[in-house]
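Examining the three-dimensional arrangement
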2 protein chains.
Amino acid sequence: MTDINLTLKEVRRLAFDCLLANGCDQANAEAAADNITMAERDGYQSHGLFRLPAFVVSLRNGKVNGKAVPKIDTLAPGVIRINGDKGIVALAHQRSRKALINRAREQGIAIAALTDIFHMAALWPDVEPLAEQGLCAIAMTSSRSFVAPAGGVRPLFGTNPLAFAWPRKDAPPVVFDQAVSVMARGEVQIAARDDHALPAGVGLDAGGNPTTDPQAVLDGVMLPFGGYKGSSIALMVEMLAAGLIGQPFSPEISAASNNDGGPELGGQVIIALDPDRFGDKEGWRDHCESFFEEMLSQDGVRLPGQRRHAQRETALANGIEIPETLHKEILDLSSA
Amino acid sequence: MTDINLTLKEVRRLAFDCLLANGCDQANAEAAADNITMAERDGYQSHGLFRLPAFVVSLRNGKVNGKAVPKIDTLAPGVIRINGDKGIVALAHQRSRKALINRAREQGIAIAALTDIFHMAALWPDVEPLAEQGLCAIAMTSSRSFVAPAGGVRPLFGTNPLAFAWPRKDAPPVVFDQAVSVMARGEVQIAARDDHALPAGVGLDAGGNPTTDPQAVLDGVMLPFGGYKGSSIALMVEMLAAGLIGQPFSPEISAASNNDGGPELGGQVIIALDPDRFGDKEGWRDHCESFFEEMLSQDGVRLPGQRRHAQRETALANGIEIPETLHKEILDLSSA
């Protein structure tokens, strides 16, 4: 497979033109292109241009509203709801971020409930900008049912990612973004394509038996990380990203899917906290740095996000590589 | 080992008398005795009367303030701080619960920061009462360093439990309460006492090598559940229960310990959310019940908390059993 090199500006242009050519208005195309560019910049190819063709399918068949106008309501002093108007989630985030930051600074803690949005991006781009503004942020979203609850053998939970960001003093934020499945679904798909066996514990076949065959797992069910403890985290994500805010649980997302390979309509929450409002305004940054220092004093230990931020430096200097076939596919979709 | 049977009233009386005889005032003794009784009632022996002798040690040596007067401050509209005055955490919870509930109902989301408290109880008793009032609650606390970060071989994180409670329609709340270590430290201690090998993956010896020898793990380090994903959860707990609220991180708790076997001074947070304030006031309870029904339709799947609630029914009807030696030890401590 031949790769081609693109600058981040070229990545953004490629994504923007393709989205604009397929039914997005300027604002939606810009926001989604920014999000895709962030993913490529930080080495998250699986959430970058790779996802664009699937978005195009759902824009063309009318599932995703390319001209969405997100609407913000204040439901309580600490709660804002952003109805995404059935658009790609990126614009809903861009339009509401300032409101969430202001709420968190005023209230100490606040939550954004995003509804009627199509999420197929990583979650870290939703929390990292808040930490860059000095806030702590926690985000969760549900997805189609792929993961068995502890003790079960059939899909119930989505891959239900949980992302967390914490601001640092003179460094990029600490950020993690992790699915509740042992392995990302995309990795299982790649293993199936390349005919590689999976490690034990990733999933069960359709009969509920442990298997290392990736296709059998795709036809069966993925397992939560850490057994019943990961299953509990998955349940928490369902309750907050669906039950709390009147959005579909993972099985409802699956049932409503048109199976076009594109994103699925659902909800997301972001909790933001302002450490300046918790009684240690002068001390918390140095206090936390001392802990990070202790953590990094162990060989082999990284702060979550460090690898991604290193990758970013490389991409800013040298651009990124994408398969020539993907580049051609996107150009074709942009001119069709 | 001979057990004796006690009614829950007798459990509470036993704990109360012992606490009162060892320096607690009426209010602190009642709150802590209630907490211990809840643990025994729900089958959490490890957090019940079993812990009492260690509390007595710390009350007698003056580490724990038996006459603590918790003080509540409002730091922001969504943030209350409860300074526990170096007392057992139970009274701080009892005194502040109503304020947190009111804040959550008014703001939609609120957080209680508990500082200068001694926590050696389970976390579910801190969140379940909030869910019984119709709120969702999330609690976290840090502890002494026992758990290695992903990639590391030395203790950094505490066992850092995370508890979650969600209200149900006509049933006890869904509640989980889980440490970030693969296995509870108490279970490893019991395996060491009984000379049983551990399952693989629980911990490393002091040289950083995997071992199934429980004593080697106690002398070495415990591992987080689910590898780097559990390690991330542990980090989140450190940031919220320590960094955010100006309380000690786990290594600081270890460093400050007088190693008397009793509880350690530290912090805790509880986030409370009112589902009625998120735009689906009429629908959320039935919507969530439909999800629980789907979850329970799989053989072998339980809702977190179900086993504990079943145990409660048994204890209310038949009382509970404790070792006669423990009963005698507590009586001796109460009359000394």
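Residues numbered from 1 in each chain as written. Chains lettered and ligands numbered in written order. Predicted model: local features only at pLDDT ≥ 70, side-chain atom pairs only at ≥ 80, totals over all residues. Heavy atoms only, no water.

Considerations on the overall build of chain A
When helices and strands are counted, chain A shows twelve helices and twelve strands. A compact globule built from 336 residues should have a C-alpha radius of gyration of about 20 Å, and chain A, at 20 Å, falls within 12% of that. Burial analysis of chain A (336 residues in total) assigns 59% to the buried set. Of the contacts made within chain A by residues no fewer than 6 positions apart, 67% connect residues no fewer than 24 positions apart. Per element, the accessible surface of chain A, about 12,800 Å² overall, is 49% carbon and sulfur. (Helix = DSSP H or I, 4+ residues; strand = E, 2+ residues; numbered from the N terminus. Rg over C-alpha atoms; globule rule 2.2 N^0.38 Å. Buried < 20%, exposed > 50% of the residue type's maximum accessible area, 1.4 Å probe, protein only. Contact = heavy atoms within 4.5 Å. Areas by Shrake-Rupley, 256 points an atom, 1.4 Å probe, with all protein chains shown as cover.)

Considering the sheet that holds strand β3 (residues 79-88) of chain B
Residue and element names in this part refer to chain B. Strands sit in the order β2-β3-β4-β11-β5-β6-β7 across an open sheet of seven strands; the sheet is mixed. Lying at the two open borders of the sheet, with one neighbouring strand each, are β2 (71-76) and β7 (174-178). Within this sheet the neighbouring strands show an average axis-to-axis angle of 15 degrees, counted without direction. This element, helix α5 (residues 124-132), spans β5 (136-141), β6 (162-166), β7 and β11 (265-273) of the sheet and lies at about 15 degrees to β6. Running at roughly 90 degrees to β5, helix α8 (residues 228-243) makes contact with β5, β6 and β11 of the sheet. (Pairing = 2+ DSSP bridges. Axes fitted to C-alpha atoms, helices over the stretch in contact; angles between N-to-C directions.)

Focus on helix α3 (residues 52-60) of chain B
Across the nine residues that make up α3(B), a large majority, seven, are buried. Looking at α3(B), one finds that the buried residues are B:L52, B:P53, B:A54, B:F55, B:V56, B:S58 and B:L59.

A few points about the packing of aromatic side chains
For the coordinates displayed, the defined rule picks out 13 aromatic pairs over all chains. The interplanar angle of 80 degrees and the centroid separation of 5.7 Å between the aromatic rings of A:W166 and A:W284 together place this pair among those described as edge-to-face. Taken as a pair, A:W166 in strand β6 (residues 162-166) and A:W284 in helix α10 (residues 284-296) lie far apart in primary sequence, 118 residues in all. Since its relative accessible area comes to 0%, A:W166 is described here as buried. With relative accessibility at 0%, the residue A:W284 sits in the buried group. An aromatic cluster is present here, built from A:F157, A:F249, B:F291 and B:F292 joined pairwise through their rings. One residue, A:R308, lies across the ring of A:W124, its end atom 3.9 Å from the ring centre. (Phe/Tyr/Trp six-rings, centres within 6.5 Å; stacked < 30°, edge-to-face > 60°. Lys NZ or Arg CZ within 6 Å of the ring centre and 35° of its normal.)

What about the relation of the copies chain A and chain B?
In screw terms, the move from chain A to chain B is a rotation of 180 degrees and a rise of 0.0 Å along the axis, fitting with an RMSD of 0.0 Å. Here the copies are linked by what is in effect a two-fold axis. Using C-alpha coordinates, one finds that chain A approaches the rotation axis most closely at A:G226, a distance of 2.0 Å. In this assembly, 100% of the residues forming the interface of chain A have copies in chain B that are likewise at the interface, indicating an isologous arrangement. (Least-squares fit on C-alpha atoms with pLDDT ≥ 70 in both.)

Structural notes on the pattern of salt bridges
All names here are of chain A. With the rule as written, the count across this model stands at 32 salt bridges over all chains. Of the charged contacts, one joins D42 and R308 as a salt bridge, the two residues approaching to 2.6 Å between their closest N and O atoms. In this pair, D42 is assigned in the loop between α2 (26-41) and α3 (52-60) and R308 in helix α11 (residues 306-318), connecting sequence segments 266 residues apart. Between D73 and R81 there is a salt bridge, and its shortest N-O distance comes to 3.9 Å. (Salt bridge = Lys/Arg side-chain N within 4 Å of Asp/Glu carboxyl O.)

A few points about the domain arrangement of chain A
All names here are of chain A. When its domains are assigned, chain A resolves into domain 1 (1-67 + 305-336) and domain 2 (72-181 + 224-304). Once you take the C-alpha centre of each, domain 1 and domain 2 turn out to be 22 Å apart. Taken together, the 30 residues of domain 1 in the interface contact 31 residues of domain 2. With both chains or domains summed, domain 1 and domain 2 bury close to 2,500 Å², and 57% of this area falls on carbon and sulfur atoms. The largest share of the area that domain 1 buries against domain 2 comes from F55, K63 and Q306, three residues that together contribute 23% of it. (Domains from an automatic or database assignment. Buried area = accessible area lost by both parts, 1.4 Å probe.)

Re the interface of chain A and chain B
Chain A puts 74 residues into the contact, and the matching count from chain B is 74 residues. Across the interface of chain A and chain B, roughly 5,900 Å² is buried in total on both sides, 71% from carbon and sulfur atoms. Inspection of the region where chain A meets chain B yields zero salt bridges. Inspection of the region where chain A meets chain B yields 18 residue pairs in polar contact (both at pLDDT 80 or more). (Polar contact = N/O pair within 3.5 Å; in protein donor to acceptor, adjacent residues only side chain to side chain.)

Section: the environment of B:R41
All names here are of chain B. Turning to its location among the elements, R41 is positioned in helix α2 (residues 26-41). When the C-alpha atoms of R41 and E187 are compared, they prove to be 20 Å apart, with 146 residues separating the residues in sequence. Among residues more than four places away in sequence, those in contact with R41 are L8, W124, E128, Q311, R312, A315 and L316. Within the local environment of R41, its side chain forms a polar contact with the side chain of D42, the two groups lying 2.8 Å apart.

A few points about the environment of A:P210
Structurally, the position occupied by A:P210 is in strand β9 (residues 210-211). Taking the C-alpha atoms as reference, A:P210 lies 43 Å from A:F16; in sequence the two are 194 residues apart.

Quick notes on the sheet that holds strand β3 (residues 79-88) of chain A
Residues and elements named next belong to chain A. What the seven strands build is an open sheet, ordered β2-β3-β4-β11-β5-β6-β7; its pairing is mixed. The outermost strands of the open sheet, each flanked by one partner alone, are β2 (71-76) and β7 (174-178). Strand-to-strand, the axes of this sheet are offset by a mean angle of 15 degrees, without reference to chain direction. Taken together, the seven bridges between β3 and strand β4 (residues 109-118) define a ladder with parallel strand orientation. Residue pairing for β4: I80 is matched across the bridge by A112.

Let's talk about the state of the cysteines
Residue and element names in this part refer to chain A. Taken as a whole and judged by the stated rule, the model has zero disulfides over all chains. In this structure C288 is a free cysteine whose sulfur lies 9.6 Å from that of C136, the closest cysteine sulfur available. Taking the relative accessible area as the measure of exposure, C288 reaches 1% and is therefore buried. (Disulfide = S-S within 2.5 Å.)

As for the side chain of B:S334
Residue and element names in this part refer to chain B. When you line up the elements, S334 lands in helix α12 (residues 324-335). Among the polar contacts made by the side chain of S334, one reaches the main-chain carbonyl oxygen of I330 at a distance of 2.6 Å. Those residues in contact with S334, other than ones at most four positions away along the chain, are L14, D17, C18, A21 and N22.

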